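# Coordinates in review
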Amino acid sequence: MTRQHIVFLTGAGISAESGLSTFRGKDGLWTKEEFQYLASTDCLYEETQKCLDFYNMRRKKLAEVEPNEAHRLIAELEKEHEVTVITQNVDDLHERAGSTNVIHIHGELRKVCSMDNRTTCVKEYPLTTPIMVGDKTEDGAQMRPYIVMFGEYVDSMDVAIDIVSKADIFVVVGTSLQVYPAASFINYAHHLIPKFVIDPGAMPKCDDLGFVHFKTGATEGMKLLLKAFEEL
């Protein structure tokens, strides 16, 4: 296969193989009403430390896990292709695996920002250092995780849509496409390009758009994808 621009859209399913909980699967976090509240702006402003503790727990867990083979196989494609990863995940496992062009549409656990304005005072912060009420950012505001919480606007959509629309190959890995607006990305891939989806569940939205569906987990699906690339 000649050099191509391959665009991946990844979700919780790819990081599940590293030991991070999925959100909308059978035992996903978001099936539990309390977790949906803890990850919301309601909790952030009404019970700030409770919200921070929830994210402190997730940040600590992220520090304990490593990228898996699916992350590494995506990163290795950069040796021969232009690769952009658009991820719904807030972990840094793609970067740790070696991917250099990653867009986090829902934010990043390894970063903090200002509670007065999510787009300001953004910086990396040690995953193992808890964020506490009273911790301040450079503007004097309360520090918070650099995460798009329930009730907040996804502000990188236009950039991501433009990238998907210009892809030579588009691949969806480990997302059930239930979370909007990210689930709408599949509609922006050109109808003539090769499109693939890797997910063990039914994906009727992708099937209707002509995606090749590998009904497997992320790592096994990536191996099948690489074999399919050999035939392009």
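Use the structure listed above.
What comes next concerns the included structure. (Residues numbered from 1 in each chain as written. Predicted model: local features only at pLDDT ≥ 70, side-chain atom pairs only at ≥ 80, totals over all residues. Heavy atoms only, no water.)

### Points about the state of the cysteines
The full count for this structure, using the stated rule, is zero disulfides. Cysteine cysteine 43 shares no disulfide, and the gap to the nearest cysteine sulfur, in cysteine 51, comes to 4.7 Å. Given the relative accessible area of 0%, cysteine 43 is considered buried. (Disulfide = S-S within 2.5 Å. Buried < 20%, exposed > 50% of the residue type's maximum accessible area, 1.4 Å probe, protein only.)

### Regarding the environment of leucine 177
Of note, leucine 177 is situated in the loop between strand S7 (169-173) and strand S8 (195-198). Overall, leucine 177 belongs to the buried group, its relative accessible area being 2%. Between the C-alpha atom of leucine 177 and that of glycine 221, which follows or precedes it by 44 residues, the distance is 17 Å. The residues contacting leucine 177, other than those within four sequence positions of it, are Leu9, Val172, Ala183, Ile186, Met203, Lys205 and Cys206. (Helix = DSSP H or I, 4+ residues; strand = E, 2+ residues; numbered from the N terminus. Contact = heavy atoms within 4.5 Å.)

### A few points about the side chain of arginine 144
Residue placement: arginine 144 occurs in strand S6 (residues 143-147). A distance of 2.6 Å separates a polar side-chain atom of arginine 144 from the backbone oxygen of isoleucine 147. Engagement of the side chain of arginine 144 in a polar contact is seen with the side chain of glutamate 152, the distance being 2.8 Å. Leave out the neighbours within four places in its chain, and arginine 144 touches Leu44, Leu52, Val112, Cys113, Ser114, Met115, Arg118, Ile131, Met149 and Glu152. (Polar contact = N/O pair within 3.5 Å; in protein donor to acceptor, adjacent residues only side chain to side chain.)

### A short note on unusual backbone geometry
The backbone phi angle of cysteine 121 is positive, close to 55 degrees, even though this residue is not glycine. Within the element layout of this structure, cysteine 121 appears in the loop between strand S4 (107-114) and strand S5 (123-124). With relative accessibility at 22%, the residue cysteine 121 sits in the partly exposed group.

### Comments concerning the sheet that holds strand S2 (residues 82-87)
The parallel open sheet is built from six strands, whose spatial order is S3-S2-S1-S7-S8-S9. Of all the strands in the sheet, just strand S3 (102-104) and strand S9 (212-214) have a single pairing partner and so form its edges. Put simply, the sheet's adjacent strands are angled 15 degrees from each other on average, direction ignored. With six bridges connecting them, strand S1 (residues 5-10) and S2 associate as parallel partners. Bridge pairing links leucine 9 to isoleucine 86 in S2. Most of the contacts of helix H9 (residues 218-229) go to S8, to which it runs at about 160 degrees, and overall it touches S1, S7, S8 and S9. (Pairing = 2+ DSSP bridges. Axes fitted to C-alpha atoms, helices over the stretch in contact; angles between N-to-C directions.)

### Describing the packing of helix H5 (residues 69-76) against H9
Helix packing for two helices is described by the angle between their axes and how far apart those axes are. Direction vectors running N to C along H5 and H9 enclose 30 degrees, while the axes themselves pass 8 Å from each other. Judged on the interaxial angle alone, H9 and H5 are roughly parallel. The residues of H9 that touch H5, namely those facing Glu69, Ala70, Leu73 and Ile74, are Ala218, Thr219, Met222, Lys223 and Leu226. Each residue belonging to the contact of H5 with H9 can be placed in one class, and the counts come to six nonpolar, one polar and two charged. (Parallel < 35°, antiparallel > 145°, perpendicular 65-115°, else oblique. Nonpolar A, V, L, I, M, F, W, Y, C, P; charged D, E, K, R; others polar.)

### Some words on the side chain of threonine 87
Along the chain, the position of threonine 87 falls in strand S2. Within the structure, the side chain of threonine 87 is placed 3.0 Å from the backbone nitrogen of asparagine 89, a separation counted as a polar contact.

Interpretation in functional terms is not warranted from these geometric data alone.
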